[in-house]
Number of protein chains: 4
Amino acid sequence: MNNPSKIGVGVIGTGRIGKLHIEHLSQNIPDAELIAICSLDTETAEIFAEQFNIPKVTSDYRTLLDDSQIDAIIVASSTDTHVEICQAAAEAGMHIFCEKPIALDLEQIDETLAIVEKAGVKFQVGFNRRFDANFRRVREAVASGEIGEPHILRITSRDPAPPPIEYVKVSGGIFLDMTIHDFDMARYLIGDEVVEVYAVGGVRVDQKIGEVGDIDTTIITLRFQDGVLATIDNSREAVYGYDQRVEVFGSKGMVAAGNPLTDTVTFSGSEGNRTASPPDFFVERYKAAYLSELQAFIQCIQKGTQPLVTGEDGRAPIVMGYAALKSLRENRPVQLSEIL
Amino acid sequence: MNNPSKIGVGVIGTGRIGKLHIEHLSQNIPDAELIAICSLDTETAEIFAEQFNIPKVTSDYRTLLDDSQIDAIIVASSTDTHVEICQAAAEAGMHIFCEKPIALDLEQIDETLAIVEKAGVKFQVGFNRRFDANFRRVREAVASGEIGEPHILRITSRDPAPPPIEYVKVSGGIFLDMTIHDFDMARYLIGDEVVEVYAVGGVRVDQKIGEVGDIDTTIITLRFQDGVLATIDNSREAVYGYDQRVEVFGSKGMVAAGNPLTDTVTFSGSEGNRTASPPDFFVERYKAAYLSELQAFIQCIQKGTQPLVTGEDGRAPIVMGYAALKSLRENRPVQLSEIL
Amino acid sequence: MNNPSKIGVGVIGTGRIGKLHIEHLSQNIPDAELIAICSLDTETAEIFAEQFNIPKVTSDYRTLLDDSQIDAIIVASSTDTHVEICQAAAEAGMHIFCEKPIALDLEQIDETLAIVEKAGVKFQVGFNRRFDANFRRVREAVASGEIGEPHILRITSRDPAPPPIEYVKVSGGIFLDMTIHDFDMARYLIGDEVVEVYAVGGVRVDQKIGEVGDIDTTIITLRFQDGVLATIDNSREAVYGYDQRVEVFGSKGMVAAGNPLTDTVTFSGSEGNRTASPPDFFVERYKAAYLSELQAFIQCIQKGTQPLVTGEDGRAPIVMGYAALKSLRENRPVQLSEIL
Amino acid sequence: MNNPSKIGVGVIGTGRIGKLHIEHLSQNIPDAELIAICSLDTETAEIFAEQFNIPKVTSDYRTLLDDSQIDAIIVASSTDTHVEICQAAAEAGMHIFCEKPIALDLEQIDETLAIVEKAGVKFQVGFNRRFDANFRRVREAVASGEIGEPHILRITSRDPAPPPIEYVKVSGGIFLDMTIHDFDMARYLIGDEVVEVYAVGGVRVDQKIGEVGDIDTTIITLRFQDGVLATIDNSREAVYGYDQRVEVFGSKGMVAAGNPLTDTVTFSGSEGNRTASPPDFFVERYKAAYLSELQAFIQCIQKGTQPLVTGEDGRAPIVMGYAALKSLRENRPVQLSEIL
């Protein structure tokens, strides 16, 4: 039976991220009650339901929208379903946590955000890295003036291995599927809007990525409204593991978050000193951040506060992604105002 | 209803460690089913029962021993109850996970271990640090010969703040309540028996500790059977946080585990570079290790294997503790063979 | 008396760098004999001559060119004198070590390099950072294939404090006086030519720098012929000290050189851990590199080998500097082929 | 000709350390003038004299004592000559810098110190590590109260490779030839006297060392007058290089000096991260410290101040060495008051 003081939640999608949300909602967020999960992969959904004691399973997301025990839904299904589900959920009065990207089409995003606003429901986008303790500490140092006025931002973000080529074909390309996180991180860390993007890139890792029209290596320069300059570099393949670092340089100092390592052990031998690698990939690296973002989402419903990642935060990096793509194609800096 | 393929578990004790075990058994060990908890603090027990959906609560541990759904018990009650509970549990045919120390009295320990052996039940002692990924990595490096033949072992173990003076009075003193972990770590990392102990110590942190007959600062030298030499240093108060480091030096190199830090952030300012502190204390530092030891315990029951921390492993550090105490009092190296 | 087996050297200029060369030639390079120094600041020259036992002092560089004991000259006078001195020295058959930049005018550089080539004398440009042991190690890792095929290069180069505004007025601007080192470093580390430059920048440190037409903060993107992408960031003022780091990312790994610190000491207190700052500025940071470059120069004369920094290496970063300036002004990527 | 404002110096001994002093006096200490060197190895002495422009060479140290240009002598000849030379030099009114150990015989040391005191000359002992910038910073942190009241001192000191067995035979053993530096470091860092020593040790590195009656691996426990406890560990062979670390733990924090590395480069690959090794051995590691100690010696002559390492500082570690030896042989803690 639904505990009335808890937020009833339904999760749509049982892929890697969906599973993580299901796990966290079942075990680690006492203020939430996971009422139902929805997936086209009914077999996996049944397994999760049994494993995590989830009362209801469905393959039709509309069932969740009709469920009076459910206050909020987590949209972790494939990107092409986000708009329809979010719009229907908003109209059903449900709070929404939507994985990134909301959509690849800006008009659809705008339409969705308008419906959400009209419905007055909470809407949080899944930029989980904002909830990473290291990056949050960096943000605090910038926001509090600890490093003075920020001047330069550097972000390095490199995946351990490229995604399957089938994914690359539909993901919208490196800027919209990978750099999008860094675009969000840049806005988050500096607390200002980007006005101009310049991107260079190439195919260095795998020719197949080039054959489907994408790049795998890129350096992007950003200019913020207030004059901060930023550089982001991305690669689809870092053999030493998932590399996620940021550095903000300002008038009073610098704050930087390095990679965590899987252990604290150092070997010293005739070849020098050797330390461990970073965690394998995003699930390991950002597990605590995935939990934190859901906790924050549940809390903003309970307290009636603004989500920490808004619809506009979900939209802006998409605009930056299109600007980067245009910049790459035309080999010139592109103003964000040129996009839509 | 009890799932027959799972190990039914009862937890005795709802203090800090008891709670951790209850949490892990409820949420993170699918192969275990937490059937009942027992505590003299019935109020706390009821709260945990509700929070973690535990079917049964009792204030009499014998209730657990009579419960046919329960295969194993976790003894996390106060030290003075361990012997009685362990003996009764063994006689009831239950597998036992017992927090350290088994007891402060060596005869009682021997009696208990004899009963356990006769009963043929699994018996694992709660030296959780063996399950810390960093220390395990160090052990592997030693065991695999990665650093050649070990020559020197260094252990630093310093608490962030002294325990309450009431605890110091009954704990058996620093060697039996604090260094005991390092004695175990020394045996674990080197994989050999200690034959001689020399301890120096003093009261440097808090005079009250001296007034109740204990010391708060100590350096202990160990000599292993095969000739490895070790030095352990302990303090009851490190203002920079929980300091737990080990280093093994051998003929082919050195392997060392440093302190993890709470974040990966570095500040650079006119005063130099600043990084974070270690986690506050043992619950934060060793959370994953506490989980791992219980997983290993459940697994050794399921697979019928030997526990990774045996009764003898529980006994040896107590002997070393008494040797250290004798060494401190008589200011001379003491052979372990002098104790009992 | 001149030892015939040694290379006789004359130094022109007694500023900060000139003094360093004088010191190194007097004390640390047994294969060189410092015969004479030349400076318009005759008082300082006299002091150095006495301090370092230098036989001859002059205020007219032509005196050096007529001296049969002198085989090579070190040009460390102000930039506007380089061309005249280098041309006259080459025509006098002297080997030349010239501080960077050779000149700010590309035609003058070309004319000078042509005269040098015709004269057949050695000509080395003072890009001292190539001789830093850390950066050399990075170059070796790239050249040897240790990190596979290079994909991304990152250079951070930030001064501890801006130069006097009078210097900024005549230095040619940040790209030609500061970034020039990073342009050289980029070519050195990757071992390939840059074809395109894009620069963004602003005045963040000191408005006075803007008033004389320069910027103090910049991010520059480079594209190499073979496709490597690079990002350089510069600031005129890092309050935590001279910040000089490079990182090369490739298909088989990453190699990075961090900042050396002035000591190896760590303080741990309730505020976390604290370490030292980098050396104050270039004289401290690159002292050994300044010595190495002179040793290499003397050696290339003795052995008749090619200097490790050629005239072309002196010219290319100037072209990149002009490309960066054009890019900044026109806010577009500039091909190096557009410059002369 | 001797410059009257400079201190005239003679160096006795042209071995590894003697050469270093000759080099420093010739090149880096403007306030000293190296007048003469003395060595039984006249060939080497002649080479140095030419290389460093030293006016006089002799094989009889008495020649130096008669030389009116010489104010001070540096005794870097073999240990068995120290006493005779120091006594004669003191009686000749010369200031003395004597390499450690002054002698292996305590009575001879006392006799020498008495003569020195009567003569009123400066007498500094060559404990160069006190002048290492890292250890000096640690000492400052202790002396200034930055870490509060010191509680625990840890010193690790391991050589990269054992000395020739012929040296081991005459060196006085590991305590008097190797640990002696750590005994001095302990007194220096804590600023207090040691009252008790306990040593354990064994032959782990090379059986030949055992055959000549020495050990190669040791852990030593020290107790200071004011209650600080210390642990020192030594090995004759660390395959990863010269390992020299100290750590002082106190009521307000910890200060530790780690090993410098030969470069700042990190490689990241599929095996984790790799950094460089420490400098090879003492000449590389302590070069700057060797220079600083001589500068301080010259300065204390010029200013008439007390040397920073006194005769008593030279004597105390010898006493500690004998106490350690007695402790090792009798396997018990030994009071320093038991020695002489």
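Definitions and cut-offs
Residues numbered from 1 in each chain as written. Chains lettered and ligands numbered in written order. Predicted model: local features only at pLDDT ≥ 70, side-chain atom pairs only at ≥ 80, totals over all residues. Heavy atoms only, no water. Helix = DSSP H or I, 4+ residues; strand = E, 2+ residues; numbered from the N terminus. Rg over C-alpha atoms; globule rule 2.2 N^0.38 Å. Buried < 20%, exposed > 50% of the residue type's maximum accessible area, 1.4 Å probe, protein only. Areas by Shrake-Rupley, 256 points an atom, 1.4 Å probe, with all protein chains shown as cover. Lys, Arg positive; Asp, Glu negative; His and termini not counted. Charge placed at Lys NZ, Arg CZ, Asp CG, Glu CD. pLDDT = per-residue confidence, 0-100. Phe/Tyr/Trp six-rings, centres within 6.5 Å; stacked < 30°, edge-to-face > 60°. Lys NZ or Arg CZ within 6 Å of the ring centre and 35° of its normal. Least-squares fit on C-alpha atoms with pLDDT ≥ 70 in both. Contact = heavy atoms within 4.5 Å. Buried area = accessible area lost by both parts, 1.4 Å probe. Salt bridge = Lys/Arg side-chain N within 4 Å of Asp/Glu carboxyl O. Polar contact = N/O pair within 3.5 Å; in protein donor to acceptor, adjacent residues only side chain to side chain. Nonpolar A, V, L, I, M, F, W, Y, C, P; charged D, E, K, R; others polar. Pairing = 2+ DSSP bridges. Axes fitted to C-alpha atoms, helices over the stretch in contact; angles between N-to-C directions.

Draft legend 1. Local environment of the overall build of chain A. Looking only at helices and strands, chain A has 13 helices and 15 strands in total. Taking 20 Å as the expected radius of gyration for a compact globule of 340 residues, we find that chain A reaches 20 Å, a close match to that expectation. In terms of principal-axis extent, the alpha carbons of chain A reach across some 60 × 55 × 45 Å. The buried share of chain A, taken over its 340 residues, is 62%. In the form shown here, chain A has an accessible surface area of approximately 12,700 Å², with 48% of it arising from carbon and sulfur atoms. One finds the centroid of the 31 positive side-chain charges in chain A at a distance of 4 Å from the centroid of its 50 negative side-chain charges.

Draft legend 2. Seen up close, the confidence of the model for chain A. Per-residue pLDDT for chain A has a mean of 96; in total, 99% of the residues score no lower than 70. Reported confidence for the predicted complex is 0.95 by ipTM and 0.95 by pTM.

Draft legend 3. Fine view of the packing of aromatic side chains. Under the defined criterion, the tally for this structure stands at 30 aromatic pairs over all chains. With 6.4 Å between their ring centres and 70° between their planes, D:Phe48 and D:Phe52 make a pair best called edge-to-face. Following the ring pairs from residue to residue traces out a cluster consisting of A:Phe135, A:Tyr242, A:Phe281, A:Phe282 and A:Tyr286. Its end group placed over the ring of A:Phe267, A:Arg274 keeps NZ or CZ at 4.7 Å from the ring centre. Here the basic side chain of D:Arg158 rests over the ring of B:Phe249, its NZ or CZ set 4.3 Å away from the ring centre.

Draft legend 4. The arrangement of the relation of the copies chain C and chain A in detail. With an RMSD of 0.1 Å, the fit of chain C onto chain A corresponds to turning through 180° and sliding 0.0 Å along the axis. These values place the two chain copies in the arrangement generated by a two-fold rotation axis. Considering only C-alpha atoms, the part of chain C nearest the rotation axis is C:Arg332, at 2.8 Å. Taken together, the interface assignments show that 100% of the residues at the interface of chain C recur at the interface of chain A, consistent with an identical surface on both copies.

Draft legend 5. Broad picture of the interface of chain B and chain D. On the side of chain D, 45 residues touch chain B, which itself brings 45 residues to the contact. Together, B:Arg154, B:Arg204 and B:Phe249 form the three largest contributors to the area buried by chain B at its contact with chain D, with a combined 21%. Across the salt bridge formed by D:Glu149 and B:Arg204, the nearest N and O atoms sit 3.4 Å from each other. The tally of links from chain B across to chain D stands at 20 residue pairs in polar contact (both at pLDDT 80 or more). Listed by contribution, the elements that provide at least two residues to the side of chain B that touches chain D are strand E7 (150-158), strand E8 (194-202), strand E9 (217-224), strand E10 (229-235), strand E11 (243-250) and strand E12 (253-257) of chain B. When residues of the side of chain B that touches chain D are assigned to their parent elements, the largest contribution, 7 residues, is made by E7(B). Looking at side-chain class alone, the side of chain B that touches chain D contains 16 nonpolar, 15 polar and 14 charged residues.

Draft legend 6. Up close: the sheet that holds strand E5 (residues 95-98) of chain D. All names here are of chain D. Overall, parallel pairing links the 6 strands, which are arranged E3-E2-E1-E4-E5-E6 in an open sheet. Looking at the sheet topology across the chains shown, the edges are occupied by strand E3 (56-58) and strand E6 (123-125). Strand-to-strand twist across the sheet, computed as the mean angle between neighbouring axes with direction ignored, equals 20°. Sheet topology note: the strand E2 (residues 32-38)/E3 ladder contains 3 bridges and is parallel. Bridge pairing links Ala36 to Lys56 in E3. Docked against the sheet, helix H11 (residues 287-303) engages strand E1 (7-12), E2, strand E4 (72-75), E5 and E6, running at close to 165° with respect to E5.

Draft legend 7. Inspection of the interface of chain C and chain A at higher detail. Residue-level contacts link 45 residues of chain C with 45 residues of chain A. Summed over both partners, the interface of chain C with chain A comes to about 3,400 Å²; 57% of that surface belongs to carbon and sulfur atoms. The interface formed by chain C and chain A contains 8 salt bridges. Taking the shortest distance from any N to any O, the salt bridge between C:Arg154 and A:Asp233 comes out at 3.3 Å. Scanning the region where chain C abuts chain A turns up 20 residue pairs in polar contact (both at pLDDT 80 or more). Contributions of two or more residues to the side of chain C that touches chain A are made by strand E7 (150-158), strand E8 (194-202), strand E9 (217-224), strand E10 (229-235), strand E11 (243-250) and strand E12 (253-257) of chain C. In terms of residues, the side of chain C that touches chain A owes the most to one element, E7(C), which gives 7 residues.

Draft legend 8. Looking closely at the pattern of salt bridges. Throughout the structure, instances matching the rule amount to 112 salt bridges over all chains. In this structure, B:Glu330 engages B:Lys326 in a salt bridge whose closest nitrogen and oxygen atoms are separated by 3.5 Å. Of this pair, B:Glu330 and B:Lys326 both sit in helix H12 (residues 311-330), separated by 4 residues, roughly a single helical turn. B:Lys326 sits in the partly exposed class, given a relative accessible area of 29%. The network of salt bridges with common partners includes A:Arg154, A:Glu247, C:Arg158, C:Asp233, C:Asp243 and C:Arg245.

Draft legend 9. Up close: the environment of D:Gly241. Residue and element names in this part refer to chain D. One can find Gly241 in the loop between strand E10 (229-235) and strand E11 (243-250). Take Gly241: its relative accessible area is 10%, and that puts it in the buried class. Taking the C-alpha atoms as reference points, Gly241 and Ile109, 132 residues apart in sequence, are found 33 Å from one another.

Draft legend 10. Structural context of the pairing of strand E11 (residues 243-250) of chain A. Residue and element names in this part refer to chain A. Counting buried residues in E11 gives 8 out of 8 residues, a clear majority hidden from the surface. Burial along E11 is two-sided: Asp243, Arg245, Glu247 and Phe249 facing one way and Gln244, Val246, Val248 and Gly250 facing the other are all buried. Here strand E7 (residues 150-158) runs beside E11; their pairing, made up of 8 bridges, is antiparallel. Across the sheet, the residue bridging to Ile155 is Val246, located in E11.

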